[in-house]
Each structure stands twice: as structure tokens, then as C-alpha cells.
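Overview (structure and organization)
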Amino acid sequence: MLNRLLFLLPLLIFAVIAGYFTVPILTKKDPHLLPSVMIDKPAPPHDLGPLLEDKPGVGPEALRGEVKLVNFFASWCGPCRVEHPILMRLAAETDLPLVGINYKDQRDAALVWLRELGDPFGRIGVDGDGRAAIDWGVYGVPETYVVDASGHIRYRHVGPLTAQALKETILPMVEQLKAAKG
Amino acid sequence: MIAEIGHYALVLAFFVAIAQVVVPLYGAARRDTALMGFAAPAASAQFLCIAIAFGALMHAYITSDFSVANVAQNSHSLKPLLYKISGVWGNHEGSMVFWVLILALFGFAVAAFGRQLPDSLKARVISIQGLIGLAFLAFILLTSNPFERLDPAPLDGRDLNPLLQDPGLAFHPPMLYIGYVGFSLAFSFAMAALIEGRVDPAWARWVRPWTLAAWTFLTAGITLGSWWAYYELGWGGWWFWDPVENASFMPWLAGTALLHSAIVVEKRDALKAWTILLAIITFSLSLMGTFLVRSGILTSVHAFAVDPERGLFILGILIVAVGGSLTLFAVRAPALKAGGLFAPVSREGGLVLNNLILSVATVTVFIGTLYPLFLDAMTGDKVSVGAPFFNATFVPVMIPLLVLLAIGPLLPWKRGNLRAAVEKLWVSALFTVVVAGGILVLEKGAPLAPVLGFGFAAWVAGGVVTELTERIRLFRIPLGDSLRRLFNLPGAAYGMSLAHLGMAVFICGATGEMNWTRELVATARAGDTLTLGQYELVLEKVERSQGPNYFRDMATLNVSKDGVPYATLHPERRLYPVQQMPTTEAAIRSGISGDLYVAIGEGSDLGGYIVRVWVKPLVPWIWAGAMMMVLGGLFSLSDRRLRIGAPKRSRRRPAAPAVTEAGD
């Protein structure tokens, strides 16, 4: 009997793992939207020092006032490199403020990265130990958040931004939030 | 027209698959030879249909037929031919067709070469193989049709992601897929054995070469991917513990365990249930590799299909496949007859320990990759797990494996003497101490990591050499006889030694790269000199020119080493206008002692260019070690004992010894 149970064990373990996988997907329709407990909550009030000398960092007050995108990035992150041209285009073609948070990065590497690929951000804060990222609910870089005028997180995009995600989800949401503000 | 033929062939393949699943399985249950005989032609027809579909898709890519949506989205008329071809599998839909093509190829291989297999086993294996195919064909036809048309057709395509336009990545996915999908055969054999209720050495003799082939391709595929990341991503790393890398690494670890446990089934008729379980787990992890990359749950550089509907479909396939096979395992495996007994200290014992350690390592990587998801599902907490986690957990887990790697092969089957084995290793122990001590002195005792790394590498290499000298009885019989023994060793023996030695070489490379890399970042103008260690680099010029589908800035750097001219390097920075994406093409000068790696960035406003220089010691050893493992796999595959297959228990066999006795 014990022997039989032993052979049942792999199935039981699998059932548990499969449950963990499926439950969040089935309860929240879109798995790409990693559920974030932070949605509709105020953005965490961290005071992040500036990365560049001539550009401000990200303090709690910086997240209020208008609708903006907050992008977590790092020079060591491949997908960040993939999405970077989209951020550059966004900066060039729209007046939507982009806030960068440089995540667990080396300052020099981040500076080189921005010089090499261009700097789309209006302000950049340094989150060297990843504390702020934990409070924001970042799973892994890159991640992008839509923050409204009152400083509340309204949307979370996991992974590299795509032209499609921008056009179909993020930009319409930004327009909506702007309109709501009136 | 040709695209429609391709689509039609896929639909046909789907219906052939249904017949391939049902008829042989029913035939095997009824012991009906005619129905079982249906398996082989069905598998051939299945392969033919999918090959036609794949050919049609490739035709669309080569002729740049942009009326096919898939081609328009992923190709461009100006793209070099190689990347038009690799574009076929460089996107989600095409890669799935490639996936089922390989799957059908393996099914076809069983049909074509499986003549000595018992009829019922063969029928069941092909049927299970067909079942996997059926699921994925349904997936392709319902959610990812590669032959969808666009009307009107665009004038030109959207081009392939430039990061993927690279020879390393042209061949990385096919290798990886052959590896992933190759484990399907081990899975089908495991399922068939559970249905039959019988596992014997003949079964293992069949499973092992296919597992070995899959493992060899997977090793090559992972290495190519890592090499690509190293030179293309332009920041000089070669392994990032990225979720997608881990997704291919987990089946590799489990597959390595399977490879070793199948030996025990073959030679000693033991560990049967465990080997079956490993076969299931290995293929499940391969499927999960597909799932992770495609569901959008985890994102990474090469996750090209981010689509929840597809993710759910694959999740469904995964749950049915894994859940179903584990249920069958729970019901049927306890009935498998236990085979040969062995003492804890024995070759079998060593291989069991090997399996345990590799399983723990797999679990470690599994947890590191998925723990953030679990935690999120459980508590909503978010954590990120990165390289520090894996360095702190995976590396220590692997250390006992390295210790064992030298000892295990010296233990005899059934019952061994640990002391005798360890005594044989005194030369290697001495070698290890000398190497570790040497590093300690050279490094002035600073960090312990390189001392340990090179020490273990020396221990493993010493163990391999000891095992080889034992085998050929070097210095105990005349040298000529020893050499003759060396040349007459079976391929599998060479394979083992090469693969194990490759491990030692790989450890040296990884240790050197991780501990001794030096880096320099500077802004340089033409004529400036940069110095890093013994290298002096002069930036001669940066020129702008045009490639087939990109613009490039190419730098020319004259490098001297210790004052002597050493190399001229041409790092590039490219811009692909269609996708508006820059890429870096690093210039690398490799030598046996390491790489000099130079990448160039954008010109700054002040008129200079950002130049990054790395001295990366022993990096070529990483690739060399991995290639030795691949070669080891190939040598082992060439072993004629595998080709001949298991001595089939011929019914006339009892008569044979009688004849020889009479002859004596």
C-alpha cells in the first residue's frame, strides 16, 4: 500500500504545481497581465536619487500631476534592449512623460547604455537594491506602469513594450485617464 | 496556391494522426497483427504530410510571398537567403510546424528502423507519438495557422527581429527543438512500456540511443544559444539564468539523469520505474519549455509569441500529457517487476546518486524559475530571483556530483569497494591539490572561488584519465597491448570519457570567465589609445556603410599585446531601419587563454564613440567543453552495440549453446 502511494506521489506533486499555474490564469483572464495587487493603489512613495546629473530623480511628488508611464529598466536586461526603440519613438512622437527607474544596475553601465541607445526619459531614479521595485510589484525588468494624475497605478505591462500593446491598450488608457482628469 | 497545399497537408496530417493513434492502439490491445501493422505506414504518411506543409512554408519564405501573413510579418525581400530560411522557424507559427515535423520524423524513424521491436511495443510507441502530434497539430490549425493569407498583400515584409538575424541563431532553434522533441520518443517508449506492463533491457537498448541523440542535440542547441548571447547581445555574458534559458536547461539536466539511469536498466535490469518516471519528467520539462516561452507568463529575449489563448491551449496540452502519463505511471508502475539487486556501493549505486543529485539540481532550477509565479499565486507577493540565487543553490548542489564523477566510473557493477576505487584516485587527488594550490599561490589567496573551480576541474579530469588508464591497464601490461586496448575500446567508453572531460574543461572556462574578467568602458575619438591589462587598443577610424538590410558604423581598432601587434578588430553597430532597431556586433579575438572582446556604441555629441573592451580569460574553454560533451554523445551513438540493438530473445536460442557444446 505504501508502495502504491509512493508511485502516486509524482502525480500529486504535479497536481499541486498545475494548480498554481492554472488558478491565476483562469481567475484572471489574461495571463500576460500578471495580477498586480498594486493596481488602483497609490504608487509607493520612494525617494529615488537621480541617475544623471542633469536630470531629476524620482521622488513621491514626481509621480503626481499628470498621467505618465513609469518604466523599470536595467542595462543588463536583454528585453529592455528590445523595447528601447519603442520608448525612444514614444518620447519623440508624443508628449507623454516617461519616468525611468533604473533597477539593480551599475551606474556606469546604465550611463553607457543610455548614451548608446538614447535616453527617452524625462526623469530617472536609481533603485540600486531593488527595494522600490518590490513595493511596486515588479516581477522582472522590463515592466511599465501607467500612473494617473493622482499618483495611482492604473495599469501594469509585464515584459518588453510592443507597438501593439501601446496602440491597443496603453495609449487608449492614457487618453481615457487624461480625459477623466478633465 | 502552394500555401494552400501546405495548409491542406497539415489538415491531412491531423486526420492521419487520428488514425495513427487509434488503430495501432486498438490492434495492440486485440493482438491483431494487421491492425498493429497499420502503425508504420501511418507514421510514414504523417511525416510525408508534415514535410510537404513545411516545404510549402519554406517556399513562401524563399520566394518572399508576402500574401502569406506569416511571411509578411517576419521576412523582408532584402534579407539574406540564410535568414529567409531561418525565418521559417524564427517565429511562432513556423516554429510549431518545425516542432511537429521533428516529432513526425522521430515517429517515422521508429517505423523505419524498429524492425526488431516486438510488434505490440512498436505499435504502441508509434500510437503515442501520434497522440502528441495530434495535440500539436490541433494547436497549430486552431490557433496558429502559418498559411493565413493577407489581402491585399503588402509590398514588403516587416522583417525578422534583427537580433535573430545571425548565423548562431539560425541554427540554435532547430538544434534545441530536435533535442526537446527527441525526448518525446523516450516518453512514447515509457508510455508504451507502462501499457505493456513490461520493461526489459531490450527496451532500454532502444530508449538509450534516442535519448542520447536528443541529449546531444539539446547540448549543442543550448551551447549555440549561449554563444549567440555572448557575441550578439554585446555585453559579454554567456549565461544569464534567464527563464527561457532555464526552460531548456531543465530538460537537459533531467535528460542527463535519464541517460545515466537507462544504462542501469540496460545492463542490470534495475531502476525500471524510476527510469520511466524520468522519461516522463524529461519530456514534460521539454513541453514546459515550449509553454514558458509561448504563454507570455515569463518574458525574455526570444519569447516571440505572447498570446494568452495559445498559452491556455498549451497549458491544456501540458496538463493532459503530464497528468495523464503520471496517472498511468501511478496505476501501472507498481506492477513492474523489480530487477537485479545491488549494494549501495556499486556502479549502480553511483548512478543512483548521480540521478539524485541531478534531480535536486533540476528542482533547484525549477524553483528558481517558477517560485516568483508560485509566490504571486499564493500570496500576491513579488520577488525577483536572479543569478545570485542560482549561484548560491545550484553550484553547491553540483559539487558532490563532480566529486562523484571521478569515483563512479571506477566502481564495478553490483558490489564495489569504495576504498579500492578511492585508492586508485591518489594521482588525481595529488593533481587536484597541486592545481588548487597553484591557483591559491598565484591569486595570493584572494577569492576562494577560482581555487575551488579549478580544483574540481582537475579532480574530474584526473578521474577520467585514471578510469581510462585502468581500462587499458596502462603500465601493467606491455604498452603495445595497452594501446591496442585503447583503440579497441567501444564507442560508448570514448563517449563517456570525452563528455566527462568536457565537463572539466567547461568548469575551467566558466571559472576563469566569472572570476578574472576585466572590463574597460571609455569614450574614444579616432587616434585615441585605450589600455587594458597587457592590451593596447588604438581606435583608427569609424566608417559608415550600408549592408543588405541595415546601416552600419564599423570601427577599426589596431590591437597590440605587450607592445607586439596582435590583431585588427572591427566591431560594428548596426541599425535595421525596417524595425528601427540597433544591434551590436562585437569583435572578438579568441585565443586558447581567452577572448579579447570589443563592442562599440553610438557616437556621442562630443565626437567620440563609446568603446567597451573586455578581457575574458578562458571563455573558449566553455564552448570547447560543451563541444566535447556533444562529441562524446556522438561517439557513444556510434557504438555498434547500440546499432545492433538488443540481442533479441530468439525462440530458438536454447538450441544454440547445445550446438557449440557439441562442436567443442
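Here is a short report on the structure shown in this document. Residue numbering note: each chain is counted from 1, following its sequence as written. In the order they appear in the text, chains get letters beginning with A and ligands get numbers beginning with 1. With pLDDT at 70 or above as the cut-off, local features in this predicted model cover only qualifying residues; side-chain atom pairs require 80 or more to be listed or tallied, and sums for whole chains, interfaces and linings still use all residues. Side-chain metrics in this entry use all non-hydrogen atoms of the structure; hydrogen atoms and water are not considered.

Residue and element names in this part refer to chain B. Salt bridge, as applied in this entry: a Lys or Arg side-chain nitrogen positioned within 4 Å of an Asp or Glu carboxyl oxygen. As enumerated under the stated definition, the model contains 22 salt bridges over all chains in all. Of the charged contacts, one joins Arg205 and Glu266 as a salt bridge, the two residues approaching to 2.7 Å between their closest N and O atoms. Taken together, the positions of Arg205 in helix α9 (residues 201–232) and Glu266 in helix α10 (residues 243–268) put the pair 61 residues apart, joining distant regions of the chain. The classification of residues rests on relative accessible area computed with a 1.4 Å probe and restricted to protein chains. Under 20% of the type maximum is buried, over 50% is exposed, and intermediate values are partly exposed. Glu266 sits in the buried class, given a relative accessible area of 9%. Put simply, Glu585 and Arg574 hold a salt bridge, and the shortest N to O gap is 3.8 Å. Highlighted residues: Glu585 in strand β7 (residues 581–585) and Arg574 in strand β6 (residues 572–576), separated in sequence by 11 residues. Assigned by exposure class, Glu585 and Arg574 land together as buried. Among the ionic contacts, a cluster of salt bridges with common partners joins Arg552, Glu572, Arg574 and Glu585. Going along the chain from the N terminus, every DSSP run of H or I of four or more residues is numbered as a helix, and every run of E of two or more is numbered as a strand.

A word on the packing of helix α7 (residues 119–143) of chain B against helix α8 (residues 167–196) of chain B. Residues and elements named next belong to chain B. Put simply, α7 and α8 touch, their axes get as near as 8 Å, and they point 125° apart. The angle between α7 and α8 falls in the class oblique. Crossing angle aside, the handedness with which α7 passes α8 is right-handed. In this structure, α7 uses Ser120, Leu121, Arg124, Val125, Ile128, Gln129 and Ile132 to contact α8, whose residues at the interface are Ser184, Leu185, Phe187, Ser188, Phe189, Met191, Ala192, Ala193, Ile195 and Glu196. Note on geometry: axes are C-alpha line fits, over the in-contact stretch for helices, and angles between N-to-C directions span 0 to 180 degrees. Just so you know how the angles are binned, under 35 degrees is roughly parallel, over 145 roughly antiparallel, 65 to 115 roughly perpendicular, and the rest oblique. For any pair of crossing helices, the crossing counts as left-handed if the nearer helix is rotated counterclockwise from the farther one by less than a right angle, and right-handed if it is rotated clockwise. By the convention used here, residues are in contact when the closest approach between their heavy atoms is within 4.5 Å.

Residues and elements named next belong to chain B. Relative to the assigned elements, Thr432 resides in helix α16 (residues 426–442). What qualifies as a polar contact is a pair of N or O atoms within 3.5 Å, subject to a donor-acceptor requirement within protein and to the restriction that residues adjacent in sequence count only when both atoms come from side chains. Among the polar contacts made by the side chain of Thr432, one reaches the main-chain amide nitrogen of Trp459 at a distance of 3.5 Å. In this view, Thr432 contacts Gly455, Ala458 and Trp459; residues no more than four positions away in its chain are not counted.

Attention now goes to the sheet that holds strand β4 (residues 143–147) of chain A. Residues and elements named next belong to chain A. Pairing within the open sheet is mixed, and its 5 strands lie in the order β3-β2-β1-β4-β5. With one partner strand each, in any of the chains shown, β3 (123–127) and β5 (153–158) form the two edges of the open sheet. Each adjacent strand pair in this sheet contributes to an overall mean axis angle of 20°, direction not counted. Note: β4 against β5, 5 bridges, orientation antiparallel. The residue bridging Val147 from the neighbouring strand is Ile153, located in β5. Docked against the sheet, helix α2 (residues 78–93) engages β1 (68–73), β2 (98–103) and β4, running at close to 155° with respect to β1. Only when DSSP finds a minimum of two bridges between them are two strands counted as paired.

In this section: helix α1 (residues 2–30) of chain B. For α1(B), built from 29 residues, the straight-helix expectation of 42 Å at 1.5 Å per residue is met to within 8% by its first-to-last C-alpha distance of 41 Å. At the C-terminal side of α1(B), B:Arg31 shows a positive phi close to 55°. One less than the residue count of a helix, multiplied by 1.5 Å, gives the span that helix is expected to have.

Our next topic: the packing of aromatic side chains. Residues and elements named next belong to chain B. Paired rings are identified among Phe, Tyr and Trp, the last through its six-membered ring, by centres lying within 6.5 Å, and are further divided according to the angle between planes into stacked (under 30 degrees), edge-to-face (over 60) and tilted (the rest). The final tally for this structure, using the stated rule, is 33 aromatic pairs over all chains. Ring geometry for Phe389 and Phe390: centres 5.1 Å apart, planes at 85°, overall edge-to-face. Joined through ring pairs, the aromatic side chains of Trp215, Trp239, Trp241, Phe249, Trp252, Phe389, Phe390 and Phe394 make up one cluster. Taking NZ or CZ as reference, Arg347 lies 5.1 Å from the ring centre of Trp413, over its face. Here Arg589 stacks its cationic end above the ring of Tyr566, 4.6 Å away from the centre of that ring. Note on geometry: a ring has a charge over it if NZ (lysine) or CZ (arginine) is within 6 Å of the ring centre and within 35 degrees of the ring normal.

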